[in-house]
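# Coordinate inspection notes
The residues making up each chain are set out below.
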Amino acid sequence: MLKKLKNTVQGILLGAQVTCLVIMLLVGFSDRLSPVTHPLLSCVGLTFPVLLAINVVFLLLWLLLRPKFALISVVGLIIGYSPIHTYIPFNIPATAPDSCIKVLSYNVASFRETAQDADGNNYVIATRYIRESGADIVCLQEAALNDVTAKLNDIYPYRDSVTTVHEKGNSTLVLLSKFPITGKEHIPYVSKGNSSCAFFVDINGTKTVVINNHLESCGLSTSDRDEFHSIVKGETGRDTLRSGSKRILQILSESARRRGPQADSVCKYVVRHKPTPIILCGDFNDNPISYTHHVIAKELTDCFVSSGNGLGWSYAHYGMRVRIDNIFCSEDWEPYHCFVDKEAHGSDHFPILCTLKMKEKSKK
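Residues numbered from 1 in each chain as written. Predicted model: local features only at pLDDT ≥ 70, side-chain atom pairs only at ≥ 80, totals over all residues. Heavy atoms only, no water.

### Describing the overall build of the chain
Rules: The secondary structure listing takes helices from DSSP runs of H or I that are at least 4 residues long and strands from runs of E that are at least 2 residues long, numbered from the N terminus. Radius of gyration means the value over C-alpha atoms here, while the globule rule gives 2.2 Å times the residue count to the 0.38 power. Remark: exposure states derive from per-residue accessible area (1.4 Å probe, protein chains only) relative to the maximum for the residue type, with buried under 20%, exposed over 50%, and partly exposed in between. Every residue pair with non-hydrogen atoms within 4.5 Å of one another is taken to be in contact. In summary, the charge assignment counts Lys and Arg as positive and Asp and Glu as negative, without counting His or the chain termini. Note on charges: their place is set at NZ of Lys, CZ of Arg, CG of Asp or CD of Glu.
What the chain contains, in helices and strands, is 10 helices and 16 strands. Taking 2.2 N^0.38 as the reference for a compact globule, 364 residues should give roughly 21 Å; the C-alpha atoms of the chain span a radius of gyration of 22 Å, in line with that estimate. With respect to the principal axes defined by its C-alpha atoms, the chain has extents near 80 × 50 × 50 Å. Burial statistics for the chain: of 364 residues in total, 49% are counted as buried. Considering only intrachain contacts with a sequence separation of at least 6, the fraction spanning at least 24 residues in the chain is 69%. Placing the 38 positive and 34 negative side-chain charges of the chain at their respective mean positions leaves the two points 9 Å apart.

Put into structure tokens, the structure is as follows:
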């Protein structure tokens, strides 16, 4: 009787594992679906880390109970290597060679966060961070060329911005550079309040396109985010859980539907400007398992996936923990040590940085 019960339990666990594994793989490759035609399914990538964690637990469980069943988990994880590596990459650290440049992308949230120094003087936290970062090229979102950024003029003699006028307000993207900026171009697409632009930068004699992005925001209000946080913490009743989750999912899917064509426009711009060296940065407002990330990653290298490690959460508020800020580069560059700096506290986003080495064949 005991043996029969044991076999029954193992059978149930095995069925649950296979089901969870299949769902994880479907979610992992869901970034191929266009959010225009599949808006709800475009949001399922947010569940990928949970599904991955469950399958890792199953692997450990079978290693303890029935090692031969662990092979199922191993095969599934191998099949899902691509989305797993995209979401949580692990790379062997390499020392960056000489003559590299450092790139910083930072949603500074309008430089609202301030603090006091030892002498009691107020300062903008993000501005001080940028000054001390050592970055050669700085892409800022939710920023403007004003008195705050002017305090960085001694470090970044070249600076420019592009402002896009929307019905509900303006969107400004800023580039600070130690290299000459020779031009700029707005990348047109439909948005409620976001934008993308390209700056042309002369990096040691090589024309480079630096694309700064702030793609469609998630659309959640502060109250929506508070409600999401309560749902994550299990502080809501069943009815509120159902209705709140449904409403939040609808908002997220609608923003994803708008963001998809924006990513397509940026991708087309990238294709048109090859083989010119390209650096692409910004706040994607989307997770690594998303159509937005996938279409751009088809044309460019995700520097964090290529040279970073771990989850790299760049947004960790209201119970949301996800990497939505990115640095990409064309094949002309070799990325080193891309990371999200979680010690920075000047915004609701953490900055992402990467060291780039221009390959010899790209030098002109």
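After that view of the structure, there is still more to cover.
### Thoughts on the nonpolar core
Put simply, the test is: Working definition of a nonpolar core: buried Ala, Val, Leu, Ile, Met, Phe, Trp, Tyr and Cys residues. They are joined through side-chain atoms within 4.5 Å.
Core analysis: the largest hydrophobic core is formed by 28 residues, its most contacted members being I101, I137, I279 and L356. Within the second largest apolar cluster, 27 residues are counted, among which are F58, F69, I84 and V322.

### Brief notes about the sheet that holds strand β11 (residues 301-302)
Our working definition: Here, any two strands with at least 2 DSSP bridges between them count as paired.
Taken together, the 6 strands give an open sheet; going across it, the order is β7-β8-β9-β10-β14-β11, and neighbouring strands pair in mixed fashion. The open sheet is flanked by β7 (181-187) and β11, the only strands paired with a single partner. Here 6 bridges tie strand β9 (residues 206-214) to strand β10 (residues 278-283), and the two strands are oriented parallel to one another. Across the sheet, the residue bridging to N212 is C281, located in β10.

### Overview of the packing of aromatic side chains
What counts is decided by this rule: We call Phe, Tyr and Trp rings a pair once their centres come within 6.5 Å, taking the six-membered ring for Trp, and we label the pair stacked below 30 degrees between planes, edge-to-face above 60, and tilted otherwise. Counting as a charge over the ring demands two things of the Lys NZ or Arg CZ atom: a distance within 6 Å of the ring centre and an angle within 35 degrees of the ring normal.
Counted according to the given criterion, the structure contains 4 aromatic pairs. With centroids separated by 5.1 Å and ring planes inclined at 90 degrees, the aromatic side chains of W62 and F69 adopt a geometry described as edge-to-face. Given a relative accessible area of 18%, F69 falls into the buried group. Taking 5.7 Å as the distance between ring centres and 10 degrees as the angle between the ring planes, the aromatic pair formed by F284 and F328 counts as stacked. With F284 in the loop between β10 and α9 (291-297) and F328 in strand β14 (residues 325-329), the pair connects residues that are 44 residues apart, well separated along the chain. By relative accessible area, F284 is classed as buried at 1%. Note that R128 overlies the ring of Y123, its terminal NZ or CZ placed 3.6 Å from the centroid.

### Considering the sheet that holds strand β5 (residues 158-166)
Put simply, the rule is: Between N-to-C directions, angles cover 0 to 180 degrees, with each direction set by a line fitted to C-alpha atoms, over the stretch in contact for helices.
Ordered in space as β5-β6-β4-β1-β16-β15, the 6 strands form an open sheet in which the pairing is mixed. The open sheet has two edge strands, β5 and β15 (333-340), and neither has a second partner. Direction aside, neighbouring strands of the sheet carry axes that sit 15 degrees apart on average. Here helix α5 (residues 125-133) sits on the sheet and contacts β1 (101-107), β4 (137-141) and β16 (352-358); the angle it forms with β1, its principal contact strand, is near 170 degrees.

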